[in-house]
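Take a look at the letters that make up each chain.
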Amino acid sequence: ARALTPQTAETDAIRFLVGTQSLRYDNQIHIIDFDDENNIINKNVLLHQVGEIWHISTSPADKGVLATCYNKTSDTKVMTCAAVWRMPKELESGSHESPDDSSSNTQTLELLCHLDNTAHGNMACVMWEPMGDGKKIISLADNNILLWDLEESSAKAVLSSSTALEGKGQLKFTSGRWSPHHNCTQIATANDTTVRGWDTRSMRQIYCIENAHGQLVRDLDFNPNKQYYLASCGDDCKVKFWDTRNVTEPVKTLEEHSHWVWNVRYNHSHDQLILTGSSDSRVILSNMVSISSEPFGHMVDDDELSDQEDQHQEEKIKEPLQDSVIATYEEHEDSVYAVEWSSADPWLFASLSYDGRLVINRVPRALKYHILL
């Protein structure tokens with residue numbers, strides 16, 4: 001398995017979707033519900049009969065709707081296609097009821113529409129407009145950016161605009177992210193070692209970070225609370241943080257992984273918390289305070305402190321919080337291809353390795369209280 005996503009529209013129950021990559025069997029989407037009061041994972045399985053899943057994303061507005069990028073083989077040629085699906089009604093919201101016998105009641109996804117890429121090449125990923133009503137999506141296909149409008153009940157996708165990457169060589173997008181800022185009019189894409197920003201209204205390039213990484217850029221993510229801030233990671237084992245208004249140098253660089261970094265994710269609520277996953281089989285949780293939207297921690301009210309605490313507190317306020325690695329998680333034995341924060345609980349995250357192991361972890365309690373109190 002490589003594909004993991006939180007169910008974005010589900011903000012009450014902790015829920016992730018995983019897509020499988022099996023060559024021999026029908027592929028599946030596993031709906032993972034985590035009951036954090038009892039520490040139990042419940043799983044429902046949906047059949048995805050069209051091919052192995054490379055990417056999965058969920059509608060920000062409709063719990064039942066998701067998109068996948070999958071491999072389809074036709075006359076010795078393998079194409080990566082994309083489609084929008086609906087899950088069965090009874091599985092739409094996070095339920096804590098475990099199915100009695102999950103093997104017997106495997107259900108099938110309902111196809112809503114294909115994102116027709118016959119003219120544009122292989123689909124790398126599908127991104128939903130972050131704050132939208134679930135009707136606008138962008139797909140990256142080889143060197144094309146395609147903006148789609150989903151019609152009523154998402155039964156048809158209409159291509160509303162597109163642009164292509166011009167230049168020498170085999171230009172291919174590896175990944176992209178839609179910015180939650182600027183009224184959702186900007187996206188960032190990665191191709192080869194370059195990161196580019198685009199305006200979705202004109203489909204023109206607005207910034208370009210050439211040689212953002214020494215090797216292929218694998219993933220991007222926007223800081224949800226701070227405009228212009230973008231994280232990237234890649235095959236040079238590095239994670240870099242950029243201010244897109246000045247792209248000559250990264251603001252910060254993390255060099256904690258010893259192999260390709262596949263994934264970088266900002267925490268949605270506390271943007272100093274950064275999650276990364278790598279082919280070194282490790283997941284690293286970092287505390288990037290200096291470039292977060294709260295760089296100095298919280299101010300403490302003097303009245304709340306006794307004299308002893310007072311002195312101690314003054315010393316504490318003087319030293320700015322340091323950027324640091326909070327924890328390194330080594331529960332995986334294979335390359336970690338995806339890490340994601342829960343949409344419902346900001347202190348919970350999941351990681352997925354190629355051998356199909358999904359691990360759910362929490363931010364250490366001490367740090368949680370340090371951030372909150």
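This structure is a prediction, so every number in the text was calculated from the model and none was measured.

## Some points on the environment of Ala-344
Move 1: Relative to the assigned elements, Ala-344 resides in the loop between strand S26 (336-341) and strand S27 (348-353).
Move 2: Residue contacts for Ala-344: discarding those within four places in its chain leaves Glu-10, Thr-11, Asp-12, Ala-13 and Ile-14.

## Let's talk about the nonpolar core
Inside soluble globular proteins, nonpolar side chains tend to come together where they are buried.
Move 1: Membership of the largest hydrophobic core comes to 17 residues, with the highest contact counts inside it found for Val-84, Leu-115, Met-123 and Ile-137.
Move 2: Only strand S6 (65-74), strand S7 (77-86), strand S9 (110-115), strand S10 (123-128), strand S11 (136-141) and strand S12 (144-150) provide two or more residues apiece to this core.
Move 3: Look past the residues within four positions of Leu-115 in its chain and what remains in contact with it is Ala-82, Ala-83, Val-84, Met-123, Val-126, Ile-137, Ser-139, Trp-148 and Ala-157.
Move 4: Ranked by size, the runner-up nonpolar core spans 16 residues in total, among them Ile-31, Ile-56, Ala-83 and Met-87.

## Focus on the pattern of salt bridges
Move 1: For the structure on display, the rule yields 15 salt bridges.
Move 2: The partner of Glu-10 in a salt bridge is Lys-63, with the nearest N and O atoms 3.5 Å apart. One end of the pair, Glu-10, is in the loop between strand S1 (3-6) and strand S2 (14-19); the other, Lys-63, is in the loop between strand S5 (53-58) and S6, and 53 residues separate them in sequence.
Move 3: Counted as one network, the salt bridges with shared partners bring together Asp-62, Arg-86, Lys-89 and Glu-92.

## Structural notes on the pairing of S1
Side chains on a regular strand alternate between the two faces of the sheet.
Move 1: Residue alternation in S1 divides its side chains into two sets, Ala-3 and Thr-5 and Leu-4 and Pro-6, and both sets are buried.
Move 2: By the bridge criterion, 4 bridges tie S1 to S2 in an arrangement that is antiparallel. Bridge pairing links Thr-5 to Leu-17 in S2.

## A word on the sheet that holds strand S21 (residues 252-254)
Move 1: As summarised here, the arrangement of the 4 strands in space is S18-S19-S20-S21, forming an open sheet in which the pairing is antiparallel. In this open sheet, the two strands that pair with only one neighbour each are strand S18 (217-222) and S21. The mean inter-strand angle of the sheet, taken between neighbouring strand axes irrespective of direction, is 20°.
Move 2: Taken together, the 5 bridges between S18 and strand S19 (residues 229-234) define a ladder with antiparallel strand orientation. Paired with Leu-220 across the two strands is Ser-232, which belongs to S19.

## A look at the packing of aromatic side chains
Move 1: A full pass over the atoms with the stated rule returns 6 aromatic pairs.
Move 2: Their ring planes at 80° and their centres at 4.4 Å tell us that Trp-262 and Tyr-337 sit as a pair that is edge-to-face. Of the two residues, Trp-262 is situated in strand S22 (residues 261-266) and Tyr-337 in strand S26; the sequence distance between them amounts to 75 residues. Each member of the pair Trp-262 and Tyr-337 is classed as buried.
Move 3: A connected cluster of aromatic rings, assembled from ring pairs, spans Trp-260, Trp-262, Tyr-337 and Tyr-354.
Move 4: Across from the ring centre of Trp-262, 4.0 Å away, lies the NZ or CZ of Arg-218, which sits over that ring.
Move 5: Taking NZ or CZ as reference, Lys-226 lies 4.2 Å from the ring centre of Tyr-229, over its face.

## Let's talk about the sheet that holds S12
Move 1: On the basis of which strands lie adjacent, the open sheet formed by 4 strands has the order S10-S11-S12-S13 and antiparallel pairing. Since the sheet does not close on itself, it has two edges, and those belong to S10 and strand S13 (157-164), each with one partner. For this sheet, the mean angle separating the axes of adjacent strands, direction not counted, is 20°.
Move 2: Taken together, the 5 bridges between S10 and S11 define a ladder with antiparallel strand orientation. Within S11, the position partnered with Met-123 by the bridge is Ala-141.

## Let's talk about unusual backbone geometry
Move 1: The phi angle at Asp-192 is positive, at roughly 55°, despite the residue not being glycine.
Move 2: Looking at the element boundaries, Asp-192 is found in the loop between strand S15 (186-191) and strand S16 (194-199).
Move 3: A positive phi angle, near 70°, is found at Tyr-228, a position not held by glycine.
Move 4: Inspection of the secondary structure puts Tyr-228 in the loop between S18 and S19.
Move 5: In this structure Tyr-228 comes out as partly exposed when scored by relative accessible area, which is 28%.

About the thresholds
- Residues numbered from 1 in each chain as written.
- Predicted model: local features only at pLDDT ≥ 70, side-chain atom pairs only at ≥ 80, totals over all residues.
- Heavy atoms only, no water.
- Helix = DSSP H or I, 4+ residues; strand = E, 2+ residues; numbered from the N terminus.
- Contact = heavy atoms within 4.5 Å.
- Core = buried A, V, L, I, M, F, W, Y, C linked by side-chain atoms within 4.5 Å.
- Buried < 20%, exposed > 50% of the residue type's maximum accessible area, 1.4 Å probe, protein only.
- Salt bridge = Lys/Arg side-chain N within 4 Å of Asp/Glu carboxyl O.
- Pairing = 2+ DSSP bridges.
- Axes fitted to C-alpha atoms, helices over the stretch in contact; angles between N-to-C directions.
- Phe/Tyr/Trp six-rings, centres within 6.5 Å; stacked < 30°, edge-to-face > 60°.
- Lys NZ or Arg CZ within 6 Å of the ring centre and 35° of its normal.

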